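The chain contents come next:
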Amino acid sequence: MASSTVRPGDQDRLAEQDVARRLLDSSAKLSYDPATEVDWETPLDTGHHGASPEWSTLYGTAYWKEMTEDQRKALTRQEAASVASTGIWFEMILQQLVLRDMYAKDPTDPRFQWALTEVADECRHSIMFARGAAKLGAPAYRPQRMVVELGRAFKTLAFGESAYAAILVAEEVLDVMQRDWMRDERVAPFVRTINNIHVVEESRHMKFARDETRTRLRGAGRLRRQINSLVIAITAYYIVTSMVHPDVYANAGLDGDRARAEAARNEHHKSLMRASCSGLMEFLASCRLLTRPALFFYKRAHLI
């Protein structure tokens, strides 16, 4: 009888707290310290790729067929470092979004405690990616200045479902490619360890982001969904198109102009990106966030 007197809003809050408790339990049982788990001491073996070659932006192009195996490995190492650098940029945005969302909220709430756990994870991941990029022999790849400034505005203004769905976009895209890299023996062992750590710990973050997106959209009207769907899609576009910096080709010893042109036309890579985002697009559709304006940006980024 007592349970029948619980109001729907209270039931929802209890369910959300239960999810957060399970995530906290999982984190306590299965988390890693990159400082000790990753082999930072062994010198880089240039006989390895930095990522699965099939994920290279040039894989399958005429230029790829002309490249030596050493050039291919050098390119995937630069591309992996660029992806890591973009990951750091967005994880710093993510940390600020979550902290701002939880500011002055109930610290006894498991959701508050999980949010701080996620921020701690992301801080470790950013350091891990930074050390990984340095070991790969890459410079500091950063998004274009305009994108950096847009990110600065987004981290300051985004809230609710636009914040958590954007977090999900970044995590889902990285998750699919890193699941391939961590199993690929052609990839440098320390990179595979980094990918494994990130995949395991980000799975909890994606669960939280999905739940928070659904929660924040509860009762949202058509106009709100239209606006936020566009914000999320534009954010996704700039995240994905910033993953591989244009300078990776010259830094790998290639003709930068030719490489950028062939990468832009690479249908194999576009197809791989679309396939990797199928689950994400299904989720956004279930939340009624795949509006016509949003689809324009997802298609332009080759995510659908």
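All values derive from a computational prediction rather than experimental measurement.

The number of helices and strands found in the protein is 14 helices and zero strands. Shown N-terminal to C-terminal, the secondary structure of the protein runs as helices and strands in the order α-α-α-α-α-α-α-α-α-α-α-α-α-α. Taken over the C-alpha trace, the protein has a radius of gyration of 20 Å; the compact-globule value for 304 residues is 19 Å, and the two agree within 12%. By its C-alpha atoms, the protein is 70 × 45 × 30 Å across when sized along the principal axes. Here the protein, with 304 residues, has 53% of them falling under the buried criterion. Accessible surface, the protein: about 14300 Å² in total, of which carbon and sulfur atoms supply 56%.

Okay, the pattern of salt bridges next. For the coordinates displayed, the defined rule picks out 23 salt bridges. When the shortest N-O distance is used, the salt bridge between Arg 152 and Glu 149 registers 3.0 Å. You can see Arg 152 and its partner Glu 149 sitting in helix H6 (residues 145-157), three residues apart, about one turn around the helix. Of the charged contacts in the structure, one is a salt bridge between Asp 211 and Lys 207, with a shortest N-O distance of 3.4 Å. Of the two residues, Asp 211 and Lys 207 both sit in helix H8 (residues 189-217), four residues apart, roughly one turn of that helix.

Before going further, it helps to spend a moment on the nonpolar core. In terms of nonpolar packing, the biggest core is built from 87 residues, with Leu 58, Leu 75, Tyr 298 and Leu 303 touching the most fellow members. Sort the elements by how many residues they give to this core and helix H4 (residues 69-102) lands first, with 14 residues. Every residue in contact with Leu 75, bar those within four places of it in the chain, is listed here: Ser 56, Leu 58, Trp 64, Met 67, Val 248, Tyr 249, Ala 252 and Leu 254.

This part takes up the environment of Ser 27. Locating Ser 27 in the fold gives a position in helix H1 (residues 8-29). For Ser 27, a relative accessible area of 11% translates into the label buried. C-alpha separation for the pair Ser 27 and Phe 154, spaced 127 residues apart in sequence, amounts to 28 Å. Once residues lying within four places of it in the same chain are set aside, the contact partners of Ser 27 are Trp 114, Thr 117 and Arg 204.

A word on the packing of H4 against helix H5 (residues 110-135). Angle between the axes and distance between the axes are the two parameters that describe a pair of packed helices. At a closest axis distance of 9 Å, the pairing of H4 and H5 adopts a crossing angle of 160°. Relative to H5, the element H4 is oriented roughly antiparallel. By crossing handedness, the relation of H4 to H5 is classed as left-handed. The class makeup of the residues in the contact of H4 with H5 is 15 nonpolar, five polar and four charged.

Our focus in this paragraph is the environment of Thr 61. In this structure, Thr 61 sits in the loop between helix H2 (34-37) and helix H3 (62-66). Expressed as a C-alpha distance, the spacing of Thr 61 and Gln 144, which sit 83 residues apart in the sequence, is 26 Å. Once residues within four sequence positions are removed from consideration, Thr 61 is found in contact with Glu 262 and Asn 266. In this structure the side chain of Thr 61 is engaged in a polar contact, spanning 2.6 Å, whose partner is the backbone oxygen of Leu 58. In terms of polar contacts, Thr 61 uses its side chain to reach the backbone amide nitrogen of Trp 64, at 3.1 Å.

Below, the discussion takes up the side chain of Asn 266. Of note, Asn 266 is situated in the loop between helix H11 (256-264) and helix H12 (267-276). Judged by its relative accessible area of 4%, Asn 266 falls in the buried class. Here the side chain of Asn 266 touches Thr 57 through a polar contact of 2.6 Å, landing on its backbone oxygen. A polar side-chain atom of Asn 266 sits 3.0 Å from the main-chain amide nitrogen of His 268.

One turn of an α-helix holds 3.6 residues; hence residues three or four places apart share an orientation. Among the residues making up helix H14 (residues 292-300), those that are buried are Ala 294, Phe 297 and Tyr 298. With its buried residues spanning 100° around the axis, H14 presents them on a single face. The exposed set on the far side of H14, more than 90 degrees from its buried face, consists of Arg 292 and Lys 299. Phi turns positive, to about 60°, at His 302, one or two residues after H14.

Reading guide: rules and limits
Residues numbered from 1 in each chain as written. Predicted model: local features only at pLDDT ≥ 70, side-chain atom pairs only at ≥ 80, totals over all residues. Heavy atoms only, no water. Helix = DSSP H or I, 4+ residues; strand = E, 2+ residues; numbered from the N terminus. Rg over C-alpha atoms; globule rule 2.2 N^0.38 Å. Buried < 20%, exposed > 50% of the residue type's maximum accessible area, 1.4 Å probe, protein only. Areas by Shrake-Rupley, 256 points an atom, 1.4 Å probe, with all protein chains shown as cover. Salt bridge = Lys/Arg side-chain N within 4 Å of Asp/Glu carboxyl O. Core = buried A, V, L, I, M, F, W, Y, C linked by side-chain atoms within 4.5 Å. Contact = heavy atoms within 4.5 Å. Axes fitted to C-alpha atoms, helices over the stretch in contact; angles between N-to-C directions. Parallel < 35°, antiparallel > 145°, perpendicular 65-115°, else oblique. Left-handed = near helix turned anticlockwise from the far one by under 90°. Nonpolar A, V, L, I, M, F, W, Y, C, P; charged D, E, K, R; others polar. Polar contact = N/O pair within 3.5 Å; in protein donor to acceptor, adjacent residues only side chain to side chain. Arc of directions from axis to C-beta.

Limitation: the analysis is restricted to geometry and does not speak to function.
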